[in-house]
Amino acid sequence: MPKKNSKKRFEVGENETIGQCLDRMKKEGYTPVRRAEEPVFREETRGGEKVMEPVGKTIVFHAVKE
């Protein structure tokens, strides 16, 4: 029998608090093991060059099934 994937990533939504995200994880039966803040980039063209400019960040939780 193949092993089920017991890991999942949960991203905090734009209009969601960290607490709400953690509650959503708990309802699905997951426990957070790591928090990461990942940058969000926007691609712009300046003087013929493509430039990646940071415009924000997202919070992502890595979780495992209980």
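Residues numbered from 1 in each chain as written. Predicted model: local features only at pLDDT ≥ 70, side-chain atom pairs only at ≥ 80, totals over all residues. Heavy atoms only, no water.

(A) Examining the overall build of the protein more closely. Across its full length, the protein holds 1 helix and 3 strands. In sequence order, the protein lays out its α and β elements as β-α-β-β. For the protein, the C-alpha radius of gyration of 16 Å lies well beyond 11 Å, the compact-globule estimate for 66 residues. With the C-alpha coordinates aligned to their principal axes, the bounding extent of the protein is approximately 55 × 35 × 15 Å. Relative to all contacts within the protein whose residues are 6 or more apart in sequence, the contacts with residues 24 or more apart total 53%. Accessible area of the protein: about 5500 Å², with a carbon and sulfur share of 51%. Across the protein, the 15 positively charged side chains and the 12 negatively charged ones have centroids separated by 8 Å. (Helix = DSSP H or I, 4+ residues; strand = E, 2+ residues; numbered from the N terminus. Rg over C-alpha atoms; globule rule 2.2 N^0.38 Å. Contact = heavy atoms within 4.5 Å. Areas by Shrake-Rupley, 256 points an atom, 1.4 Å probe, with all protein chains shown as cover. Lys, Arg positive; Asp, Glu negative; His and termini not counted. Charge placed at Lys NZ, Arg CZ, Asp CG, Glu CD.)

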